[in-house]
Amino acid sequence: MRTKFITFEGLEGSGKSSVINFLEKLLKAKGFSVVVFREPGSTAVGEKIRQILLDKANKKLSRHTELLLYLAARTQLIEEKLMGAFKKYDFIICDRFFDSTLVYQGYALGLGAIVEKSVQMFSLGITPDLTLVLDVSAREGLKRIKNKDRIESRPIDFHNKLRKGYLALAKKYPDRIKVINAQANLEEIYKRTEKALVNKFKFIRLRPLLRH
Ligand code: T5A
């Protein structure tokens, strides 16, 4: 079986980490090998870059610097870990990938064409097989976050724009990107996620749960 690359996207507090944790356990219980990464991060260099990006003290970080740092963290992850993971695992799950850059820096921060070009260049030809957007209103998502970081602290208009950006992107790439209504309790969202996954990768249904 060729490795399947699944990415999760959505606004702050949309539940990505919780759903990824559920999905990892589910797939492992069916006997698949799974690795989970997060963006920015999952490498020593990427985690340092993440600290810079999310640190509220960095008030003067420019839009272009922000873009370059996200791209740098991604290239590091791809070269150091992701490429190798395609040879080892059945599933790679990534908490955010290039759609975040398209929506956050490209659409909401208004860097548009430069982002599209650079995202393509620095994703080194890797595109997810499936991207699940957990869709919540900005207000609901932000309500769930206790200590807001530099990006989460941006005005609500920025977050409303992100939602618009994700929905537009899902319309543009309907085969790859599926939107899951995440304005529900987590158990319900887990069910919706499992359904979306099985619809895309029908072979998952054929495997029974090996353990809980
Ligand atoms: N970014 C990232 C860019 O701008 N450009 C890029 O190219 C990339 C890759 C990353 C930041 O960087 C930005 C986007 C982000 O701002 P992050 O901390 O990873 O920073 O931010 P998020 O990915 O948004 O992670 P969060 O932790 O904020 O949100 P999650 O993972 O979506 O949500 P989760 O599961 O941690 O849940 C948050 C809380 O809400 C509760 C959970 O229990 C938890 O307490 N919760 C729910 N409660 C009730 N009902 C539900 N349905 C719930 N779902 C979750």
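Scroll up a little and you will see the structure.
Residues numbered from 1 in each chain as written. Predicted model: local features only at pLDDT ≥ 70, side-chain atom pairs only at ≥ 80, totals over all residues. Heavy atoms only, no water.

Enquirer: Sorry if this is basic, but what is going on with the overall build of the chain here?
Expert: In terms of regular secondary structure, the chain is built from eight helices and five strands. Along the chain, helices (α) and strands (β) appear in the sequence β-α-β-α-α-β-α-α-β-α-α-β-α when read from the amino end. The C-alpha atoms of the chain give a radius of gyration of 17 Å, which matches the 17 Å a tight globule of 212 residues would have. Burial statistics for the chain: of 212 residues in total, 53% are counted as buried. Contacts in the chain between residues at least 24 apart in sequence constitute 80% of all its contacts with a sequence separation of at least 6. Here the chain has roughly 10900 Å² of accessible surface; of this, 54% comes from carbon and sulfur atoms. Mean positive and mean negative side-chain charge positions of the chain (41 and 23 charges, respectively) differ by 2 Å. (Helix = DSSP H or I, 4+ residues; strand = E, 2+ residues; numbered from the N terminus. Rg over C-alpha atoms; globule rule 2.2 N^0.38 Å. Buried < 20%, exposed > 50% of the residue type's maximum accessible area, 1.4 Å probe, protein only. Contact = heavy atoms within 4.5 Å. Areas by Shrake-Rupley, 256 points an atom, 1.4 Å probe, with all protein chains shown as cover. Lys, Arg positive; Asp, Glu negative; His and termini not counted. Charge placed at Lys NZ, Arg CZ, Asp CG, Glu CD.)

Enquirer: Would you explain the packing of helix H2 (residues 44-54) against helix H3 (residues 63-88) in this entry?
Expert: When two helices pack together, their arrangement is given by the angle between the helix axes and the distance between those axes. As a packed pair, H2 and H3 sit with axes 9 Å apart at the nearest point and diverge in direction by 160°. Regarding the angle of H2 to H3, the classification is roughly antiparallel. The handedness of the crossing between H2 and H3 comes out as left-handed. Only Glu66, Leu69, Tyr70, Ala72, Ala73 and Gln76 of H3 make contact with H2, whose side of the interface consists of Val45, Gly46, Ile49, Ile52, Leu53 and Leu54. (Axes fitted to C-alpha atoms, helices over the stretch in contact; angles between N-to-C directions. Parallel < 35°, antiparallel > 145°, perpendicular 65-115°, else oblique. Left-handed = near helix turned anticlockwise from the far one by under 90°.)

Enquirer: What's the story with the site of the ligand in this structure? I'm lost.
Expert: In the vicinity of the ligand, 25 residues are found, and the nearest of them are Lys16, Ser17, Ser18, Thr101 and Ala184. Between Arg96 and the ligand, the recorded distance is 2.8 Å, taken from a side-chain N or O atom to an oxygen atom. Between Thr101 and the ligand, the recorded distance is 2.6 Å, taken from a side-chain N or O atom to an oxygen atom. Those elements that provide at least two residues to the shell around the ligand are helix H1 (16-29), H2, H3, helix H4 (98-108) and helix H8 (186-200). (Near = heavy atom within 4 Å. Polar contact = N/O pair within 3.5 Å; in protein donor to acceptor, adjacent residues only side chain to side chain.)

Enquirer: Help me understand helix H5 (residues 112-122), please; the structure alone is not making it clear to me.
Expert: Along an α-helix, residues three or four apart share an orientation, since each turn contains 3.6 residues. Inspection of H5 places Val115, Ser118 and Val119 among the buried residues, and these make up the whole buried set. The buried residues of H5 occupy an angular sector of 105° when projected down its axis, which confines them to one face. Among the exposed residues of H5, those oriented more than 90 degrees off its buried face are Ala113, Lys117, Gln120 and Met121. On its buried face, H5 is in contact with H3 and H4. Just downstream of H5 lies Leu124, where phi reads positive at about 50°. (Arc of directions from axis to C-beta.)

Enquirer: Explanation requested: the side chain of Glu9 in the structure shown.
Expert: Relative to the helices and strands, Glu9 resides in strand S1 (residues 4-10). Exposure remark for Glu9: the relative accessible area of 0% places this residue in the buried category. Within the structure, Glu9 has its side chain in polar contact with the side chain of Ser100 (distance 2.5 Å). Those residues in contact with Glu9, other than ones at most four positions away along the chain, are Lys16, Arg96, Phe97, Phe98, Asp99, Ser100, Thr131, Leu132, Val133, Leu134 and Tyr166.

Enquirer: I keep staring at the packing of H4 against helix H7 (residues 156-172) and nothing clicks. Help me out?
Expert: As a packed pair, H4 and H7 sit with axes 9 Å apart at the nearest point and diverge in direction by 125°. Viewed along their axes, H4 and H7 adopt a mutual orientation that is oblique. Seen from above, H4 lies across H7 with right-handed handedness. Contact with H4, carried on its side by Asp99, Ser100, Leu102, Val103, Tyr104, Tyr107 and Ala108, involves Phe158, Lys161, Leu162, Lys164, Gly165, Tyr166 and Leu169 of H7 and no other residues of that element. By residue class, the composition of the contact of H4 with H7 is nine nonpolar, two polar and three charged. (Nonpolar A, V, L, I, M, F, W, Y, C, P; charged D, E, K, R; others polar.)

Enquirer: I keep staring at the side chain of Thr131 and nothing clicks. Help me out?
Expert: Its place among the elements puts Thr131 in strand S4 (residues 130-135). In this structure, Thr131 is in contact with Thr7, Glu9, Asp99, Arg176, Ile177 and Lys178, ignoring residues within four places of it in sequence.

Enquirer: Looking at this model, I keep getting lost on the nonpolar core. Mind explaining?
Expert: Nonpolar side chains in soluble globular proteins generally cluster together in the buried interior. With 63 residues, the main nonpolar core has Phe8, Leu27 and Leu197 as its most contacted residues. Here this core takes nine residues from H3, the largest share from any one element. With near-sequence residues (within four places) excluded, Phe8 lies in contact with Lys16, Val19, Ile20, Leu23, Ile93, Cys94, Asp95, Arg96, Leu132, Leu134 and Thr193. (Core = buried A, V, L, I, M, F, W, Y, C linked by side-chain atoms within 4.5 Å.)

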